[in-house]
2 protein chains.
Amino acid sequence: MKRLSFKSPSKIVFMVMDGLGGLPHPQSGKTELEAAKKPNLDLVAEESVCGLIDLISPGITPGSTPGHLSLFGYDPIKYDVRRGITEALGIDLKITKNDVAARGNFCTVDERGFVTDRRAGRISTEENAKLCQLLRQITLPGVEILVTPVKEHRFSLILRGDGLSPDITASDPQQTGVAPRKIEAMTPGAKKTARLVNSFVQQTERLLKNSSPANMVLLRGFSQCPEIPSMPEIYKLTPAAIAVYPMYRGLALLLGMELLPAGNTITDELESLRRHYKDYDFFFIHFKNTDSRGEDGDYEAKVRAIEEVDRALPQLLALEPDVLIVTGDHSTPATLGIHTWHPVPFMLRSKWCRRDKVSTFTEEACLAGGLGRFPATEIMPLAMANALKLEKFGA
Amino acid sequence: MKRLSFKSPSKIVFMVMDGLGGLPHPQSGKTELEAAKKPNLDLVAEESVCGLIDLISPGITPGSTPGHLSLFGYDPIKYDVRRGITEALGIDLKITKNDVAARGNFCTVDERGFVTDRRAGRISTEENAKLCQLLRQITLPGVEILVTPVKEHRFSLILRGDGLSPDITASDPQQTGVAPRKIEAMTPGAKKTARLVNSFVQQTERLLKNSSPANMVLLRGFSQCPEIPSMPEIYKLTPAAIAVYPMYRGLALLLGMELLPAGNTITDELESLRRHYKDYDFFFIHFKNTDSRGEDGDYEAKVRAIEEVDRALPQLLALEPDVLIVTGDHSTPATLGIHTWHPVPFMLRSKWCRRDKVSTFTEEACLAGGLGRFPATEIMPLAMANALKLEKFGA
């Protein structure tokens, strides 16, 4: 892709309706997409080439991070962005290449130092913020330390400096009645990092001694960002992201997108798109509610979330993007209330897309689409091709 | 899969109708599946997600071993279970990791030692058994020798001991009028094994000198079992196999399944399933007749074999497995009378399968199924997902 892509004025709008795919309702036999009234989405389907995407591979349920990596053309198995990193991305922290990130819990230990509550009674986020402030006194030689509250008892720890390694064990024993574990290096190159993190834990212990119930911390999920080529580098795009939720904003940053204001609703997001339309050639628009309502197990609310997007769509269509993509990062059927492995409806509209016969945007209709069932990592090459931003391969 | 799978009470029944796929009859234009009356299979299809599977890759005709390896999620190119091993598995021999197995022929040599008949006039299996008894006198230092009759002139040789290597040449010259070849090491590490096997051949020669026509042996297909992770290890399943034919039982053992009694008919097999249903969470049921009748070139008999399964099916459906899969390990069209490369109908029924419009279990109908055409190695992830036995991938 790096070799074939080139810069051009055409514009790609990539709309992700999170958790879009569904399953039939037990009574009506209709999926959420089949039940929704969505004349605008159906109109786009009629003018599109459609298909069903597998984000990871058949049967594998994608987490949000690997799901989105796949949508943007990154092999989600190769680019392993783990929990320490996603926790940090989730609160809008910037991660740089050599940072080591971990997930932290404030916890309670007894006078012997044994863990009695791994979550310190779920202290309030405000209390958490105060304790994080306290921990900012900690110093380690040659390392910048970022301690940031997440929610309740959870915080993010980032170590920034040279020669750090994520290959160290967790201090979290994942059970009560035992002491937090000493952190060990799993590779020889990680010895320095283990020593530093153990020193961080010791200093924490002293600082929190009297702040019961949150009188200790547990650390786990040490991870580093994989070296990941940016979208401007691969695709020669000037990409922007419009997303309300921090995790998606963080991931977009990581891939080299600029963040645009998103407001709170899909209408706000599309208004932001309109305002910045001339400044970028690729727009990732993330809509969360389809997933959230699916995870609530609220079938009707998920149907309404789809209809909400449909009503706002004319705002987007008025901009007449050269390539418009609508799809999801995984299925979240309201009947199950969790992310699932089911392939996700996909449509791509462009002047050159070679339309198929699909005239409604549903799971079943998309299966018969011109793209059939295909891996999501093929979307970006298709988007680039339809935007006429790719050279031919070979002579 | 190893990282994502977990144990749960849900049950998977995986029925393999050997050689299931077919081709149209020259007169009727119908495949065996299209001609068969099979209301129960069609009912399952209606409640399933369907597709067509490629066992190896398009155009490649699977042998039974790679076909089944692929069904159970093993890359059949990577896990190279060769003839010496399958011959042994085929007569229910247990193979352990360091064994070297070979296929043996009793043959006839003339007074100069030149092969005159590679099959010794296809001596009877009884005669074969007597000669194998004779060969059990042979000793080799540090090696246990298992000589077991297979059928007519064929026997299985297994060498069991430390430091054996399968990387040695065959003694079988694959032609008459020449002497059996001396066995050579193909790698330095195989020298000891070559020396031992040549000693085995020399001792054989002395023992068989006067037992014309079977007065010599030819050896080929030296092989070792690949180190193959077991199904309990990969999928955290407690799997059982119900199969009449030895080869399939042997392969099931190799993959870590327990063997259950199978009787002689599909009804016996399904009765065994019912009796042991509570003790396992995965059942491989193998039905051979579809393949055997296809290989006979008997179109009508293959149709009847399909109908035989259909009639017995209610026994299985009464158990209400959480996931039911029906498919085959390759096609055996009666019009050709051999295994072929044609993709094989597949259906998977579960509460969460996202049904498609397929309402009859045939090659053509399955092509339009929700799974489309897909590699058989994706079946196990789909089975596990539908049994809700897989964590999601990434956060």
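No experiment lies behind these values; they were computed from the predicted model shown. (Residues numbered from 1 in each chain as written. Chains lettered and ligands numbered in written order. Predicted model: local features only at pLDDT ≥ 70, side-chain atom pairs only at ≥ 80, totals over all residues.)

1. Digging into the relation of the copies chain B and chain A
Once chain B is rotated about the relating axis by 121° and shifted along it by 0.0 Å, it coincides with chain A to within an RMSD of 0.4 Å. Look at the turn and shift together and you get a three-fold axis relating the two. Mapped onto chain A, only 7% of the interface residues of chain B again fall at the interface, so the copies present different surfaces. (Least-squares fit on C-alpha atoms with pLDDT ≥ 70 in both. Contact = placed C-beta atoms within 7 Å.)

2. Focus on the interface of chain B and chain A
Tallying the contact residues gives 15 residues for chain B and 23 residues for chain A. For the side of chain B that touches chain A, the secondary-structure elements that each account for two or more residues are strand S13 (372–375) and helix H13 (379–386) of chain B. The element contributing the most residues to the side of chain B that touches chain A is H13 of chain B, with 4 residues. (Helix = DSSP H or I, 4+ residues; strand = E, 2+ residues; numbered from the N terminus.)

3. A closer look at the sheet that holds strand S2 (residues 49–54) of chain A
The strand order across the open sheet formed by 8 strands is S9-S8-S10-S1-S11-S12-S2-S13 (chain A), and the pairing between neighbours is mixed. Among the strands making up the open sheet, the edge pair consists of strand S9 (258–259) and strand S13 (372–375) of chain A. (Pairing = 2+ DSSP bridges.)

4. Quick notes on the packing of helix H2 (residues 39–46) of chain A against helix H11 (residues 299–317) of chain A
Residue and element names in this part refer to chain A. Relative to each other, H2 and H11 sit at 60°, their axes nearing to 7 Å. Between H2 and H11, the crossing angle belongs to the class labelled oblique. Residues Pro-39, Asn-40 and Leu-41 of H2 pack against Asp-310, Leu-313 and Pro-314 of H11. Its residues assigned to classes, the contact of H2 with H11 comprises 4 nonpolar, 1 polar and 1 charged. (Axes fitted to C-alpha atoms, helices over the stretch in contact; angles between N-to-C directions. Parallel < 35°, antiparallel > 145°, perpendicular 65-115°, else oblique. Nonpolar A, V, L, I, M, F, W, Y, C, P; charged D, E, K, R; others polar.)

5. Some points on the domain arrangement of chain A
It is common to report an interface's size as the accessible area lost on association of the parts. Residues and elements named next belong to chain A. When cut into domains, chain A gives domain 1 (12–80 + 229–386) and domain 2 (85–224). The centre of domain 1, based on its C-alpha atoms, is set 36 Å off from the matching centre of domain 2. Of the residues lining the interface, 8 residues belong to domain 1; the matching set on domain 2 comes to 8 residues. With 7 residues, helix H8 (residues 246–254) is the largest single contributor of residues to the side of domain 1 that touches domain 2. (Domains from an automatic or database assignment.)

6. Side note on helix H13 (residues 379–386) of chain A
Every α-helix winds through 3.6 residues per turn, so residues three or four apart in the chain are directed the same way. Residues and elements named next belong to chain A. Buried residues dominate H13, accounting for 6 of its 8 residues. By the burial criterion, the buried members of H13 are Ile-379, Met-380, Leu-382, Ala-383, Met-384 and Asn-386. Summarising the contacts, the buried residues of H13 are in contact with strand S1 (12–17), S2, helix H3 (64–71), helix H7 (231–235), strand S11 (323–327) and strand S12 (344–350). Positive backbone phi, at 55°, marks Leu-388, one or two positions downstream of H13. (Buried ≥ 20, exposed ≤ 12 C-beta atoms within 10 Å, placed from the backbone.)

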